[in-house]
Structure formats: C-alpha cells, structure tokens
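# A look at the structure
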Amino acid sequence: MKILIIGGGYVGNRCHEAWEDSVLETGRITTKEDVLKFIDEHKPDAILNAAGVRGKPNVDWCEDHQLETILGNTKLPITIAEACQEREVYLLHIGSGCIFYGDSSHEDKKWREGDMGNPVDVTYSRTKWAADLVLSTLPNVGIGRIRMPIDYIPSLNNMIDKLATFPKVIDVENSVTIVDDMVNVFRQLMEKKAPGIFHITNPGTLKHREIVALYEELVDPGHTNEWITNDDLVKQGLATKGRSNNFLASENLSKVGIEMREVHDAMRDTMEKYAELKKKGESSDKILTC
Ligand SMILES: NC(=O)c1ccc[n+]([C@@H]2O[C@H](COP(=O)([O-])OP(=O)(O)OC[C@H]3O[C@@H](n4cnc5c(N)ncnc54)[C@H](OP(=O)(O)O)[C@@H]3O)[C@@H](O)[C@H]2O)c1
C-alpha cells in the first residue's frame, strides 16, 4: 500500500517515520493542481492530510492570524479533497477533537462522531470544524479526529513535555490520543479506505493530574507544579482563549473493526518508554527529522 503524507510537521513526520513505505510531501500547496501533481507523481493508494495550521507557540496565535488559519485548516483540506475526488484516491484528513467545548447533551457527557461541533469563538476550532462539516459529506473521505497527542518520544509537541514544563497546569480531565495507537489507526483506516468521521482517542478519560503523577513516578520524582482551574488560564493572562476540554465517544472505529488500548494502560506503557528515552537523552530532534 502506497501512502502519500501531505504536511511535514509533527504528525506528518511521526507517521512517515513509522511507515517505511510512505512518501512525505512537504511542498507548499495553494491550488488543486499542486495536489494533482503530487498524486500523479506518486500514484498513492491513499493520502493522509497532516498539513494544517495549529499556531506556534500555541493555538492563541490563530486569534491574530485568522486568514492564515482559515487557509490552512479549511481551504487547504477542501483543495486536497477536490484533487483526491478527481483522481478517486482515498483521503484521510486529520481533524481535531477541539471542536467540542464542555459536556455534550448526551447522558454520559461524551461527544459522538455525528454530533455538531460547538467551536465557540476560538478561531482554530472554528476552522477545523468548518473543514469537518463540509468534507464529511464526501465519499471516499475519512476524518480522523485526534486530541492532545501523548507520545513516548520527547518533543515540544508532546503533551507529556508540555505538562512537565508548565509551572501552572490546569486541573482538567479529557479524552486523549496516544500517538503510537494513532499511527496504527491512521494506517488501518487508510487500508480499509474507511469513510466517515472517527474519534481517534483511547477509551476512557485521563486527568492531567494522572499524567503528571505518572511523570513524577517514572521520570522525575522532583517535579513540581501549581494547579489552576481552566478559567484561571485566561484570568491570569496565561492564554487568550479558554481551552477545549471534553470527553469523546469513539463509536465508529469499532464498526470498522479497529480497537485502541484503554487509556490508562496505554499511558503507562507510553510513560515507561518515554522515561527510557529521557534517560538516554533522546528527543524528537534526534529521532525525527521535524
Ligand atoms: N498536534 C496536535 O496537538 C494536534 C491535535 C489535534 C489535531 N491536530 C491536527 O493534526 C494536523 C497536523 O498537526 P501537527 O501537529 O503536525 O502540526 P504542525 O507540526 O504545525 O504541522 C503542520 C504542517 O502543515 C504544513 N502546512 C500548512 N499549510 C500548508 C500548505 N498550504 N501546504 C503544505 N503544507 C502546509 C506546515 O508547514 P509550515 O509550518 O511551513 O507552514 C506544517 O509543516 C493538523 O491538521 C492539526 O490541526 C494536531
């Protein structure tokens, strides 16, 4: 199976490293013709769209760069989808669980794949939801929503590193994505050419406190931080907009025969591997090319 990955950032490189048979395209895309050129050159069986704009150093950047964010997160996926439809190539677009804020109206508070997003007034969330809204009507397109990627490879993009270095951490509970599992699920979805929306989050929910406790147990017993509420983040001037916290129900993966590990089991396994790499002084700068 030949996979073409579009987007040379964190997720694109991470998947490319895991799939020896994949091709990574990092060239700038502005038109459908740019994508057709890639497709005609590589003749892929499936395409992963790992390109997008998520703001650097963080998502607040998008609030002052609305147009760039719209072009990268809404127009670009549509442009890629247009080319894929023309060449009849399956497209897996990476979505985000951050289109949901707070509890859903379901009794268990979890958001289903088919629920309408409530991206409030956050530019990043709105642009991601807009892409999901329109792409989800197309045949031969899958949307894989991920949340707060947690990886065994130390990196600035890794939730573990973020939580370990923030002096103040919000005391919240979420659905999260263990990156090893995500890479496997992406691959399976492309092999199956599965259409529709998929919540690629590990079953169960995880508190930031649980991640930090595991970090202190396995990596750095001397670690300390202050705990604050989600509201404090904006009140204390640490963020422009409040962050999305939510629980996602992943119902569609099992319908296509894909399972993910329970989140606490996967988290412990990931932290153990992370601790090993930390001991060796490894980080994504050495392991990945991004
Ligand atoms: N990482 C997360 O926490 C997270 C969570 C949920 C969902 N996601 C989604 O996962 C996807 C990948 O995220 P990531 O973490 O890998 O982000 P990333 O590290 O910022 O990578 C995104 C890549 O897309 C490229 N790109 C943007 N516009 C492009 C265009 N017009 N043509 C070609 N390349 C373009 C960027 O290039 P330049 O930097 O050169 O512009 C960058 O290399 C995004 O859709 C994001 O919304 C990520």
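Our subject is the structure listed above.
Here is a short report on the structure shown in this document. Nothing here was measured: the structure is a model prediction, and the numbers come from that model.

## A short note on the packing of helix H7 (residues 208-218) against helix H10 (residues 263-280)
It is the contact of H7 with H10, at a shortest axis distance of 10 Å, that shows an interaxial angle of 40°. With respect to H10, the element H7 is oriented oblique. Here H7 and H10 pass one another in a crossing that is right-handed. Residues Ile-211, Leu-214, Tyr-215 and Leu-218 of H7 pack against Met-267, Arg-268, Met-271, Glu-272 and Ala-275 of H10.

## Details of the sheet that holds strand S8 (residues 196-199)
Strand order in the open sheet formed by six strands is S2-S1-S3-S4-S5-S8, with parallel pairing between adjacent strands. Strands with a single pairing partner mark the edges of an open sheet, and in this sheet they are strand S2 (22-25) and S8. The sheet shows a mean angle of 20° between the axes of neighbouring strands, taken without regard to direction. Two elements, strand S1 (residues 3-6) and S2, share four bridges in a ladder whose sense is parallel.

## Some remarks on the packing of helix H3 (residues 66-87) against helix H4 (residues 123-135)
As a packed pair, H3 and H4 sit with axes 9 Å apart at the nearest point and diverge in direction by 15°. By the angle class used here, H3 and H4 are roughly parallel. Crossing geometry of H3 relative to H4 is assigned as right-handed. Facing Gln-66, Thr-69, Ile-70, Asn-73, Thr-74, Pro-77, Ile-78 and Ala-81 of H3, the residues of H4 in contact are Thr-123, Tyr-124, Thr-127, Lys-128, Ala-130, Ala-131, Val-134 and Leu-135.

## Observations regarding H4
With 13 residues, H4 should reach 18 Å at 1.5 Å per residue; the first-to-last C-alpha distance of 18 Å fits that figure. Turning to H4, its buried residues are Thr-123, Tyr-124, Ser-125, Thr-127, Lys-128, Trp-129, Ala-131, Asp-132 and Leu-135.

Basis of the calculations
Residues numbered from 1 in each chain as written. Predicted model: local features only at pLDDT ≥ 70, side-chain atom pairs only at ≥ 80, totals over all residues. Axes fitted to C-alpha atoms, helices over the stretch in contact; angles between N-to-C directions. Helix = DSSP H or I, 4+ residues; strand = E, 2+ residues; numbered from the N terminus. Parallel < 35°, antiparallel > 145°, perpendicular 65-115°, else oblique. Left-handed = near helix turned anticlockwise from the far one by under 90°. Contact = placed C-beta atoms within 7 Å. Pairing = 2+ DSSP bridges. Expected span 1.5 Å × (residues − 1). Buried ≥ 20, exposed ≤ 12 C-beta atoms within 10 Å, placed from the backbone.

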